[in-house]
Amino acid sequence: MIEGLERTPLTRDFFDRPVLDVAPDLLGRTLVRTTPDGPIELRLTEVEAYAGEIDPGSHAFRGRTPRNSVMYGPPGHAYVYFTYGMWHCLNLVCGPEGEASGVLLRAGDIQVGADLTRNRRISARNDKELAKGPARLATALDVDRALNGTDAIAHPGAPLSVLHGTPPPRDQVRNGPRTGVGGDGATHPWRFWIDGDPTVSPYRAHVPRRRAT
């Protein structure tokens, strides 16, 4: 590692690539959330790729809507959505502008500012659980829809940015089906994680919702 490289911000060109290239390459990168109380830094350990209109698991599968419009670009912006009426999830848009692909940030290891996250994640049994899962990650980092569309390419005072960090060796990167995705997208092996990292969330297969009788 070149000295100081780990603190170098990622550029827009990093995100302006196919989603299946960007997603595993985000592992080990440092996500910085700047808050009024101070910075929080998280090392990404688990992500999922979503390939827009060609991906049945993507919010953009059926085309552009007001909800998913941020996914259509430009790359390097945050796409934040609200799910199950209670949780937010944070994604980073990638790929060419106009092609709605993005990477869901599923889990990470809080490196700086753990004390700022514990009050938001009071159910966490230890610090490795602070951002273990996409809703927990967003909660720990105080991410909500107000950050939807935020440019994560670093500039002074930016609420979100991504630094080079320390990517894991390729032989430590694993992939498999995405968590909770059903239908035609269920078997896509587009979930990527750092093998053996304790902050990675457990895999859960899709469970169809039952209609009330």
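Residues numbered from 1 in each chain as written. Predicted model: local features only at pLDDT ≥ 70, side-chain atom pairs only at ≥ 80, totals over all residues. Heavy atoms only, no water.

Enquirer: Outline unusual backbone geometry, supporting the account with residue identities and numerical values.
Expert: Residues G73 and P74 are joined by a peptide bond in cis, for which omega reads 0°. Inspection of the secondary structure puts P74 in the loop between β2 (38–50) and β3 (78–83). A positive phi is found at D142, a non-glycine position, where the angle reads about 55°. Relative to the helices and strands, D142 is located in the loop between α4 (134–140) and β6 (160–163). (Helix = DSSP H or I, 4+ residues; strand = E, 2+ residues; numbered from the N terminus.)

Enquirer: Could you give an account of the packing of aromatic side chains, naming the residues involved and the relevant values?
Expert: Under the defined criterion, the tally for this structure stands at two aromatic pairs. A centroid spacing of 5.0 Å and a plane angle of 75° characterise the contact between F14 and F15, whose relative ring orientation is edge-to-face. For the residue pair F14 and F15, the accessibility class agrees, reading buried in each case. Aromatic pair Y79 and Y81: ring centres 5.7 Å apart, planes at 45°, arrangement tilted. You'll find Y79 and Y81 in the same group, each marked buried. (Phe/Tyr/Trp six-rings, centres within 6.5 Å; stacked < 30°, edge-to-face > 60°. Buried < 20%, exposed > 50% of the residue type's maximum accessible area, 1.4 Å probe, protein only.)

Enquirer: How would you explain the side chain of E41 if you had to name every residue and give the values?
Expert: With respect to the helices and strands, the residue E41 is situated in strand β2. What makes E41 buried here is its relative accessible area of 11%. Polar side-chain contacts of E41 include one of 2.9 Å to the side chain of R7. (Polar contact = N/O pair within 3.5 Å; in protein donor to acceptor, adjacent residues only side chain to side chain.)

Enquirer: Lay out the layout of surface pockets in plain terms, naming residues and giving numbers.
Expert: Size it by volume and the largest pocket reaches roughly 1,200 Å³. Lining the largest pocket are 43 residues, and of these T83, Y84, R106, T179 and G180 sit closest to its centre. Listing elements by their share of the lining of the largest pocket, those giving two or more residues are β2, β3, β4 (87–94), β5 (101–112) and α4. Classifying every residue of the lining of the largest pocket gives 17 nonpolar, 15 polar and 11 charged. (1 Å grid on protein atoms, 1.4 Å probe; cavity = no way out; pocket = protein on both sides within 12 Å on 5 of 7 lines; lining within 4 Å. Points joined across faces, edges and corners; volume = space filled by probe spheres on them. Nonpolar A, V, L, I, M, F, W, Y, C, P; charged D, E, K, R; others polar.)

Enquirer: Can you tell me about the state of the cysteines, naming the residues and giving the values?
Expert: Per the counting criterion, the structure on display carries zero disulfides. Residue C89 stays outside any disulfide, its sulfur separated by 16 Å from that of C94, the closest cysteine. (Disulfide = S-S within 2.5 Å.)

Enquirer: So what's going on with the nonpolar core? Which residues, and what values?
Expert: One broad trend across soluble globular proteins is that nonpolar side chains are buried collectively. Judged by nonpolar contacts, the single largest core of 40 residues is most densely connected at F15, L26, L90, V103 and L105. Non-local contacts of F15, meaning those with residues more than four positions away in its chain, are made with L10, V22, L26, P75, G76, L92, V93, C94, G95, I153 and V162. Among the nonpolar cores identified, the runner-up in size contains 12 residues, and V93, A100, L104 and V181 belong to it. (Core = buried A, V, L, I, M, F, W, Y, C linked by side-chain atoms within 4.5 Å. Contact = heavy atoms within 4.5 Å.)

Enquirer: Tell me what's going on with the environment of V112, and back it up with residues and numbers.
Expert: Structurally, the position occupied by V112 is in strand β5. Owing to a relative accessible area of 34%, V112 belongs among the partly exposed residues under this scheme. Separated by 18 residues in sequence, V112 and L130 place their C-alpha atoms 12 Å apart. Residues in contact with V112, not counting those within four places in the same chain, are P39, I40 and E41.

Enquirer: So what's going on with the pairing of β4? Residues and values would help.
Expert: Counting buried residues in β4 gives seven out of eight residues, a clear majority hidden from the surface. Where β3 meets β4, six bridges bridge the pair, whose relative direction is antiparallel. Considered in β4, the bridge of Y81 is made with C89. Where β3 folds back on β4, the antiparallel hairpin that results is connected by three residues, among which Y84 adopts a positive phi of roughly 55°. In the sheet, β4 pairs with β5 via four bridges, with the strands oriented antiparallel. The partner of C94 across the bridge, within β5, is S101. Linking β4 to β5, which pair antiparallel, is a turn of six residues; within it G95 sits at a positive phi near 80°. (Pairing = 2+ DSSP bridges.)

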